[in-house]
Amino acid sequence: MAGKVVLHYFNGRGKMESIRWLLTVAEVEFDEVYLSTREQYEKLLSDGDLMFQQVPMVEIDGMKLVQTKAILNYIAEKYNLHGKDLKDRVMINMYSEGVIDLMEMIMILPFSADPKPKLDNIQSKAKERYLPVFEKALSGPIYLVGGKLSCADVQLLECTLMLEEKFPGILADFPNVKSFQGRMTRIPAISRFLQPGSKRKSQPDETYTKTIMEVFKIKIPFP
Ligand SMILES: N[C@@H](CCC(=O)N[C@@H](CS)C(=O)NCC(=O)O)C(=O)O
């Protein structure tokens, strides 16, 4: 029998957070090993656990998986969150990629020397490029693709919550997305994940960014 799923990452959101969300929705229990020192990272490297010398790394079904999207796709496939056929799947992947592009812009903000112009750019991209797509896709259907919950829905929910943390009220012009968010947060596993004390991580703080910079020996903030 396969052992418990183990996540190797920092004690923060970053690229692992979408994986935590998806496992939660799939109702898969997981443990976490937090990377907090350079020595831990070097041990993972010398053990050959990180194919591209990067985290996230997830131990699942006897494998040590890296590359966030590959990990998400594996979980989505395994737990029936990737549509019913190839055409559903490509739509789900297109929506997911868009959401990930937007979330990654937010994710790197704490490492920026001058976040203000980046924040402005994120807000306008969200309002003009990304949210209109989801508003249209959700005008009628309950879920983004095929009338069925998928990983794209889970990532969109995560992204809308991240956006509201940065730009309260941003969903005011997107009522379908706002209703979708409400429906999704009533799914029992999600509702539990949103409670304090769950494995959901808070917004990045100074300790999180400092740890990452020390572990990877990054000296300066990104421009
Ligand atoms: N394409 C990879 C990128 C992973 C990545 O950039 N991970 C960062 C931490 S969030 C890392 O390990 N950086 C160290 C390095 O690239 O040397 C993925 O999506 O998993």
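This is a predicted model, so every value here is computed, not measured. (Residues numbered from 1 in each chain as written. Predicted model: local features only at pLDDT ≥ 70, side-chain atom pairs only at ≥ 80, totals over all residues. Heavy atoms only, no water.)

Chemist: What should I look at first to understand the UniProt feature "domain: GST N-terminal" (unreviewed entry) in the protein in this one?
Modeler: Summarizing the sequence annotation, UniProt attributes the feature "domain: GST N-terminal" (unreviewed entry) to residues 3-83 in the numbering used throughout. Secondary structure content for residues 3-83 is 36% helix and 22% strand, while the C-alpha to C-alpha distance between its ends is 27 Å. (UniProt positions renumbered as here; feature names shortened; annotations may be inferred. Helix = DSSP H or I, 4+ residues; strand = E, 2+ residues; numbered from the N terminus.)

Chemist: Could you clarify how one ought to interpret the pattern of salt bridges in this entry?
Modeler: Opposite charge on two side chains permits them to pair, given that their charged atoms come into close proximity. The final tally for this structure, using the stated rule, is 20 salt bridges. In this structure, the salt-bridge partner of E29 is K4, at a minimum N-O distance of 3.6 Å. One end of the pair, E29, is in the loop between α1 (17-25) and β2 (30-34); the other, K4, is in the segment before β1 (5-9), and 25 residues separate them in sequence. E29 gets classed as exposed once you look at its relative accessible area, which sits at 60%. Three or more residues are tied together by salt bridges with common partners; here these are E17, R20, E32 and K201. (Salt bridge = Lys/Arg side-chain N within 4 Å of Asp/Glu carboxyl O. Buried < 20%, exposed > 50% of the residue type's maximum accessible area, 1.4 Å probe, protein only.)

Chemist: Would you explain the UniProt feature "domain: GST C-terminal" (unreviewed entry) in the protein in this entry?
Modeler: Feature annotation in UniProt places "domain: GST C-terminal" (unreviewed entry) on residues 85-205, given in this structure's numbering. The span residues 85-205 is 64% helical and 0% strand by assignment, and the distance between its end C-alpha atoms comes to 41 Å.

Chemist: How should the site of the ligand be read in this particular structure?
Modeler: In the vicinity of the ligand, the contacting residues are Y9, K15, Q54, V55, P56, Q67, T68 and F216. Contacts to the ligand include Q54, whose side-chain N or O atom sits 3.0 Å from an oxygen atom. Between the ligand and T68 there is a distance of 2.7 Å, counted from an oxygen atom to a side-chain nitrogen or oxygen. A total of 510 Å² of accessible area belongs to the ligand in isolation, and the protein chains cover 68% of it. Broken down by class, the residue content of the shell around the ligand amounts to four nonpolar, three polar and one charged. (Near = heavy atom within 4 Å. Polar contact = N/O pair within 3.5 Å; in protein donor to acceptor, adjacent residues only side chain to side chain. Areas by Shrake-Rupley, 256 points an atom, 1.4 Å probe, with all protein chains shown as cover. Nonpolar A, V, L, I, M, F, W, Y, C, P; charged D, E, K, R; others polar.)

Chemist: For this particular structure, what's the right way to read helix α3 (residues 68-78)?
Modeler: For an α-helix, 3.6 residues make a turn, and residues three or four places apart therefore share a direction. Taken as a whole, α3 has its buried residues at T68, I71, L72, I75 and A76. Projected down its long axis, α3 carries its buried residues within an arc of 130°, all on one side. Lining the buried residues of α3 we find α1, β3 (57-60), β4 (63-66), α4 (86-107) and α6 (151-166). Looking one or two residues past α3, N80 carries a phi angle of roughly 60°, positive in sign. (Arc of directions from axis to C-beta. Contact = heavy atoms within 4.5 Å.)

Chemist: Please explain the packing of aromatic side chains as it appears in this structure.
Modeler: Between two aromatic rings, the relevant description is the distance of the centres plus the angle of the planes. The full count for this structure, using the stated rule, is five aromatic pairs. Both rings, one in F10 and one in F216, keep their centres 5.6 Å apart while their planes meet at 80°; by these two values the pair is edge-to-face. Residue F10 is found in the loop between β1 and α1, and its partner F216 is found in the segment after α9 (206-215); the two are separated by 206 residues along the sequence. On the accessibility criterion, F216 (27% relative accessible area) is partly exposed. Aromatic pair Y95 and F134: ring centres 5.6 Å apart, planes at 50°, arrangement tilted. (Phe/Tyr/Trp six-rings, centres within 6.5 Å; stacked < 30°, edge-to-face > 60°.)

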